[in-house]
Amino acid sequence: MYIRKQQIINNAAVIVAHPDDETLWTGGTILMNPAFKWQIITLCRGNDPDRAPKFNAALKVLHAEGEMGDLDDGPEQKPLKPQVIKKTIFSLLPPLEYDIIITHNPEGEYTRHRRHEEIGREVLSLWKKRKLFARELWLFAYEDGGGEYLPRPRPDADLETKLPKNIWQEKLRIITGIYDFHSQSFEARTTPATEAFYRFTDHEIIEKTN
Ligand SMILES: [Zn+2]
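Residues numbered from 1 in each chain as written. Predicted model: local features only at pLDDT ≥ 70, side-chain atom pairs only at ≥ 80, totals over all residues.

Digging into the packing of helix α3 (residues 82–92) against helix α4 (residues 114–128)
Following both chains from N to C, one finds α3 and α4 inclined at 70 degrees, their axes separated by 10 Å at the closest point. Between α3 and α4, the angle is such that the two are roughly perpendicular. For the pair α3 and α4, the contacting residues are P82, I85 and K86 in the first and E118, I119, E122 and L126 in the second. The residue inventory of the contact of α3 with α4, partitioned by class, reads four nonpolar, no polar and three charged. (Axes fitted to C-alpha atoms, helices over the stretch in contact; angles between N-to-C directions. Helix = DSSP H or I, 4+ residues; strand = E, 2+ residues; numbered from the N terminus. Parallel < 35°, antiparallel > 145°, perpendicular 65-115°, else oblique. Contact = placed C-beta atoms within 7 Å. Nonpolar A, V, L, I, M, F, W, Y, C, P; charged D, E, K, R; others polar.)

Below, the structure is given as structure tokens:
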């Protein structure tokens, strides 16, 4: 999947749990499509004095606009009410008709982070109910074999992009240089060189992930 620059400008939104998820799971796709108008929202850590400025610095490199929410993200990962997630999305995301919305998989990307799963579920549900408008909805398509290995593309993903080396390096630079993750951290070692998505179009939903 590579969408060339000469195509018309697309409105694209990325809805994630944490500052760094946008770069980890779809940063290459963002960097490879600089003609898109990217709007990135992260629902947690808006008041985190460490992570929030790093997110803003990452947005600059990604040539994106963005907003941050501050949903609970404590270590207990208490379940959030769908209503609360929905309210936060609507308070952060400009109410446009998007060409693409990209978000978490309802099954998450690794074993396991409840916020990723909750947000993927809610965005999918809002899109199905046409409360979020997008021609296409893309869900991250990664798995880690129940924690056996680092997250990798799911074999049945609809879209798979092997990132050019310079794009992957730029993405890794955001993770290690801007977000300050150590080169041996989970994040740096994970930083996928191939990005993978499930793609839903025209509201014909196929429950591939269930
Ligand atoms: Zn995350």
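Next comes the rest of the description.
Describing the sheet that holds strand β1 (residues 11–16)
Strand order in this open sheet of seven strands is β3-β2-β1-β4-β5-β9-β8, and the pairing throughout is mixed. Two strands bound the open sheet, and with one partner strand each, they are β3 (64–71) and β8 (159–162). Here the strands of the sheet are splayed against their neighbours by 25 degrees on average, with no regard to which way each runs. Summarising the sheet, β1 and strand β2 (residues 37–44) pair through six bridges and their orientation is parallel. Directly across from A12, in β2, lies its bridge partner W38. This element, α4, spans β1, β2, β4 (97–103) and β5 (133–140) of the sheet and lies at about 155 degrees to β4. (Pairing = 2+ DSSP bridges.)

Brief notes about α4
When the terminal C-alpha atoms of α4 are compared, their 21 Å separation across 15 residues agrees well with the 21 Å that a helix rising 1.5 Å per residue should span. What α4 keeps buried is the set R115, H116, E118, I119, G120, E122, V123, L124, L126 and W127. In this structure, the buried side of α4 is in contact with β1, β2, α3, β4 and β5. In the segment just after α4, R130 is the residue with positive phi, at about 60 degrees. (Expected span 1.5 Å × (residues − 1). Buried ≥ 20, exposed ≤ 12 C-beta atoms within 10 Å, placed from the backbone.)

Comments concerning unusual backbone geometry
Where the residue is not glycine, phi is negative for most of them; where a peptide bond is considered, it is trans in most cases. Geometrically, the link from T111 to R112 is a cis peptide bond, its omega value of -25 degrees lying close to zero. The residue Q77 is not glycine, and still its phi comes out positive at about 50 degrees. Inspection of the secondary structure assignment puts Q77 in the loop between β3 and α3. The phi dihedral of D180 falls on the positive side, at around 65 degrees, and the residue is not glycine. Along the polypeptide, D180 turns up in the loop between α5 (165–178) and α6 (186–190). Given 12 C-beta atoms within a 10 Å radius, D180 is considered exposed.

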